[in-house]
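Architecture at a glance
Here's the letter readout for the chains.
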Amino acid sequence: MGFFNWAAPLIRRFGDRFTAENSAEIAEWLSPAVEPGGRVLDVGGGAGQLAVLLAHALSASVTVLDPTPEMIDHVPDISGVSTVTGTAEAMPFADDSFDAIVVSDAFHHFRDQEGAVREFVRVTRPGGLVLILELDPRGLLMGLIVFGEKLLGEPGAFLTPDEMCGFMASQGIDGLCEKLQKADYRFLGTVDKPKDAA
Ligand SMILES: C[S@@+](CC[C@H](N)C(=O)[O-])C[C@H]1O[C@@H](n2cnc3c(N)ncnc32)[C@H](O)[C@@H]1O
């Protein structure tokens, strides 16, 4: 049994971090690419808290992709939100399926980050947006969290904001990293690819 299978009840119980206010702000960041009726993919979306709020705020269809049944089974069964079991590295979606991708507190868990970003580029339409909400691993508290996750058998590969921006640019997604509150930061970038090719 993997980390997320046994930790899912705890994450579901204590992991909620989104409010109507901060999800409205996230929706605003995505709105240049997502019109009402648009399509958003929440990769590593867990129990779907952000997906539900974004579907409402953007009037869009949000798909939660996650490999952990103990998380994804708890995504509310509501109009505008759907679930797919799978990983970031091998997505069961056609090319150009989404207007935007959001990844919240999950990127550092992807075992093959390069493969995952290749999939982001493939399944996002040209000009679509990729938003990654991550934690900057620097500092004492984050050092302890990173160490704790390792002890629990979930070795995260955290990137600093500069590393994230450089890495995403090297994979074809140019964007900006911006500090949010505490150790949180966001990467927001545009998928720049020809209209007829992945
Ligand atoms: C800490 S939870 C975050 C859940 C949600 N995004 C949030 O912000 O509350 C991390 C999630 O990443 C998922 N995950 C782990 N490895 C993954 C992978 N390779 N591809 C997609 N999701 C993955 C886990 O199953 C888990 O639901």
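That block above? That's the structure.
Residues numbered from 1 in each chain as written. Predicted model: local features only at pLDDT ≥ 70, side-chain atom pairs only at ≥ 80, totals over all residues. Heavy atoms only, no water.

Inspection of the region around the ligand gives 18 residues, with Gly 44, Asp 66, Thr 68, Ala 88 and Ser 104 positioned closest. For the ligand, a nitrogen atom lies 2.8 Å from a polar atom in the backbone of Gly 44. Interatomic distance of 2.5 Å between a side-chain N/O atom of Thr 68 and an oxygen atom of the ligand. Within the complex, the protein chains bury 91% of what would otherwise be the 600 Å² of accessible surface of the ligand. For the shell around the ligand, the residue count by class is seven nonpolar, seven polar and four charged. (Near = heavy atom within 4 Å. Polar contact = N/O pair within 3.5 Å; in protein donor to acceptor, adjacent residues only side chain to side chain. Areas by Shrake-Rupley, 256 points an atom, 1.4 Å probe, with all protein chains shown as cover. Nonpolar A, V, L, I, M, F, W, Y, C, P; charged D, E, K, R; others polar.)

So, about the sheet that holds strand 7 (residues 184–191). With mixed pairing, the seven strands of this open sheet are ordered in space as 3-2-1-4-5-7-6. Bordering the open sheet on either side are strand 3 (81–85) and strand 6 (173–179), each of which pairs with just one other strand. The average undirected angle you get between the axes of adjacent strands in this sheet is 20°. Strand direction decides the pairing type here: strand 1 (residues 39–43) and strand 2 (residues 61–66), joined by five bridges, are parallel. Looking at strand 2, one finds that Asp 42 is bridged to Val 64. Relative to the sheet, helix 5 (residues 113–123) contacts strand 1, strand 4 (98–104), strand 5 (124–135), strand 6 and strand 7, its axis offset from that of strand 5 by approximately 145°. Its contacts with the sheet put helix 7 (residues 161–170) on strand 5, strand 6 and strand 7, and the angle it makes with strand 6 is roughly 170°. (Pairing = 2+ DSSP bridges. Helix = DSSP H or I, 4+ residues; strand = E, 2+ residues; numbered from the N terminus. Axes fitted to C-alpha atoms, helices over the stretch in contact; angles between N-to-C directions. Contact = heavy atoms within 4.5 Å.)

This part takes up the packing of aromatic side chains. Scanning the model with the defined rule gives six aromatic pairs in all. Consider the rings of Phe 3 and Trp 6, whose centres lie 5.3 Å apart with planes at 80°: the pair is edge-to-face. In this pair, Phe 3 and Trp 6 both sit in helix 1 (residues 3–14), three residues apart, roughly one turn of the helix. Using a relative accessible area of 13% as the deciding quantity, one classes Phe 3 as buried. Consider the rings of Phe 107 and Phe 110, whose centres lie 5.6 Å apart with planes at 65°: the pair is edge-to-face. There is no split in this pair, since Phe 107 and Phe 110 are both buried. Each residue in the set Phe 107, Phe 110, Phe 120 and Phe 167 is aromatic and connected to the rest through ring pairs, giving one cluster. Here Arg 186 stacks its cationic end above the ring of Trp 29, 4.4 Å away from the centre of that ring. (Phe/Tyr/Trp six-rings, centres within 6.5 Å; stacked < 30°, edge-to-face > 60°. Buried < 20%, exposed > 50% of the residue type's maximum accessible area, 1.4 Å probe, protein only. Lys NZ or Arg CZ within 6 Å of the ring centre and 35° of its normal.)

Shape is all these values report; function is a separate question.
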